[in-house]
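# Coordinate analysis (summary)
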Amino acid sequence: MKTNKQNADFLHIGKKLIKWYDTNARELPWRENQHPYNIWICEILLQQTQVKQGLGHYLRFIERFPNVEELHKASEDEVLLYWKGLGYYSRAINLHKAAHQIIEEFEGKFPTHYQDILKLKGVGKYTAAAVASICFDEKIPAIDGNFYRALSRIFADDFDMSSSKAFQYFTDLALLIMPEDKPGDFNQAIMDIGSEICKPKNPLCGECPVNNDCIAYQTGRISEFPVKTKKTKVTDLSLKYYFIKFQNQFLIKQRGNDFIWKKLYEFPMSVPESWEELIINSKIINHKLTHKNMTIEINTIELESKKALERFASENDFIIVDEKLADEKSFPKPLETFYKKRDIAEIGKLPF
Ligand code: SF4
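Residues numbered from 1 in each chain as written. Predicted model: local features only at pLDDT ≥ 70, side-chain atom pairs only at ≥ 80, totals over all residues. Heavy atoms only, no water.

Trp40, Leu71 and Phe267 are the most contacted members of the largest nonpolar core, which totals 65 residues. Ranked by residue count, the leading element in this core is helix H8 (residues 125–136), at eight residues. Looking at which domains feed residues into this core, each of domain 1 (5–224) and domain 2 (235–349) supplies at least three. With sequence-adjacent residues up to four places away left out, tryptophan 40 is seen in contact with Leu71, Leu95, Ala98, Ala99, Ile102, Phe110, Val123, Thr127 and Val131. In terms of nonpolar packing, the next biggest core, distinct from the first, is built from 30 residues, Ile13, Trp20, Ile143 and Tyr148 among them. (Core = buried A, V, L, I, M, F, W, Y, C linked by side-chain atoms within 4.5 Å. Buried < 20%, exposed > 50% of the residue type's maximum accessible area, 1.4 Å probe, protein only. Helix = DSSP H or I, 4+ residues; strand = E, 2+ residues; numbered from the N terminus. Domains from an automatic or database assignment. Contact = heavy atoms within 4.5 Å.)

Turning to the confidence of the model for the chain, a few remarks are in order. Looking at the chain as a whole, its pLDDT mean stands at 91, while 95% of the residues score no less than 70. Taken together, the stretch residues 344–352 has pLDDT below 50 and engages in 17 contacts with residues farther than four places along the chain or on a different chain. (pLDDT = per-residue confidence, 0-100.)

It is worth spelling out the site of the ligand at this point. With respect to spatial proximity, the complete set of residues near the ligand consists of Arg153, Ile154, Ile197, Cys198, Cys205, Cys208, Asn211, Cys214 and Tyr217. Split into classes, the residues belonging to the shell around the ligand amount to seven nonpolar, one polar and one charged. (Near = heavy atom within 4 Å. Nonpolar A, V, L, I, M, F, W, Y, C, P; charged D, E, K, R; others polar.)

The next point concerns the UniProt feature "domain: HhH-GPD" (unreviewed entry) in the chain. UniProt feature "domain: HhH-GPD" (unreviewed entry): in the numbering of this structure it lies at residues 45–196. Regarding residues 45–196, the helix share stands at 63% and the strand share at 0%, and the terminal C-alpha atoms are separated by 18 Å. (UniProt positions renumbered as here; feature names shortened; annotations may be inferred.)

Next up on the list: the state of the cysteines. Here the structure, examined in full by the defined rule, presents zero disulfides. Here cysteine 42 is not disulfide-linked; the sulfur of cysteine 135 is the nearest cysteine sulfur, at 9.1 Å. (Disulfide = S-S within 2.5 Å.)

This part covers the domain arrangement of the chain. Taken domain by domain, the chain consists of domain 1 (5–224) and domain 2 (235–349). Area buried by domain 1 at its contact with domain 2 is led by Asp77, Lys84 and Tyr89, which between them contribute 44% of it. In this structure, the connection of domain 1 to domain 2 is made through three salt bridges. Of the charged contacts, one joins lysine 329 and aspartate 77 as a salt bridge, the two residues approaching to 3.9 Å between their closest N and O atoms. At the level of secondary structure, the elements contributing two or more residues to the side of domain 1 that touches domain 2 comprise helix H5 (76–82) and helix H6 (90–105). (Buried area = accessible area lost by both parts, 1.4 Å probe. Salt bridge = Lys/Arg side-chain N within 4 Å of Asp/Glu carboxyl O.)

Let us look at H6. In this model H6 runs 21 Å from its N-terminal to its C-terminal C-alpha over 16 residues, within 8% of the 22 Å that 1.5 Å per residue would give. Where H6 is concerned, the buried positions are Arg91, Ala92, Ile93, Asn94, Leu95, His96, Ala98, Ala99, Gln101 and Ile102. Contacts from the buried residues of H6 go to helix H2 (36–45), helix H3 (51–64), helix H4 (68–73) and H5. Glutamate 107 sits one or two positions beyond H6 and adopts a positive phi of about 50°. (Expected span 1.5 Å × (residues − 1).)

On to the side chain of aspartate 157. Turning to its location among the elements, aspartate 157 is positioned in the loop between helix H9 (145–154) and helix H10 (166–177). You can call aspartate 157 buried: its relative accessible area is 2%. A polar contact of 2.9 Å, which involves the side chain of aspartate 157, links it to the backbone nitrogen of phenylalanine 159. (Polar contact = N/O pair within 3.5 Å; in protein donor to acceptor, adjacent residues only side chain to side chain.)

Turning to the pattern of salt bridges, a few remarks are in order. Following the criterion strictly, the structure yields 19 salt bridges and no others. Residue arginine 26 pairs with glutamate 196 through a salt bridge whose shortest N-O separation is 3.2 Å. With arginine 26 in the loop between helix H1 (11–24) and H2 and glutamate 196 in helix H11 (residues 183–196), this pair connects stretches of sequence that are 170 residues apart. As a salt-bridge pair, arginine 64 and glutamate 78 come within 2.7 Å of each other at their nearest N and O atoms. Placement of the pair is arginine 64 in helix H3 and glutamate 78 in helix H5, with a sequence separation of 14 residues. Members of the salt-bridge network, linked through shared partners, are Arg26, Arg31, Asp192 and Glu196.

Moving on, we get to H1. A turn of α-helix holds 3.6 residues, and therefore any two residues three or four places apart point the same way. Along its 14 residues, H1 runs 20 Å from first to last C-alpha, staying within 8% of the 20 Å computed at 1.5 Å per residue. Looking only at H1, the buried set comprises Ile13, Gly14, Leu17, Ile18, Trp20 and Tyr21. Burial along H1 is one-sided: seen end-on, the buried residues are contained in an arc of 160°. In H1, those exposed residues whose orientation departs by more than 90 degrees from the buried face are Lys15, Lys19 and Thr23. Summarising the contacts, the buried residues of H1 are in contact with H9, H10 and H11. (Arc of directions from axis to C-beta.)

Put into structure tokens, the structure is as follows:
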């Protein structure tokens, strides 16, 4: 650490955060019993999703899979179905695999130490720290973007959060303010403050319990922190699909386990050359993922006989569904919105 922060005592900051959390903690269903299974599910679910949007999904997921045994017994398709609408489906696939790990490698008991929790499929350092601190009182800071932001402002520290060394640097910084007691409350206080008060733009410093200690606030330099020099690299990707239908039935196939949209269902991506003439309309959909700007072209082909649909399906390993059956499968968001709203002329302008 480039300053002499190690020699000063900053624990009072962490104690103020815990005290604030005592009376200001958001009431969230997974906080009711602090069971590791529930905390794990919610932390994975909230990785790319805001609490407000994730809450209903969490409740539905927990109602269907209330414990690790139920999650383990379920089929991957069903787990994906309950993840519908949340995106980033590899999270659901990993949850399912981790449930198998818990049953097979941990004798059905949720691991109780940070290092063991970290062995679960799809669990990174942040989630392992959150579960270990909240459920098992391990003193490990749960470092994520919110934590980087709040810490860099409190200390007016310009360490580059996009640097490969940022995780270790901010972990060391966090440990300076993290008391021995109540590590779970400390981490949850930062989670709440990071999302509700120390927001990226226009933080509510007047409501912040550590505003007296926050150097960026005290010196009027909040906009300078956090420092992030490298931007996320975004690449372009174009995909072409064929929505092949006869009356209300159409063709889908499950994607493989590599690249994007793992294990989700999609339409055919190629057809015999002569079928290009059968295209009755084409839609272009723009869709953004964290690292990709996607342009998706979907061409609709209306076949004249069910036999042609069945022949294509059997020769190319597709399945025939109608919308009711399709509702039991999970699709990438733009494809699902397409087949549900395909009669709307201006589909290209819908907010995918
Ligand atoms: S005082 Fe403002 S900038 Fe500083 S930690 Fe609190 S909310 Fe963030």
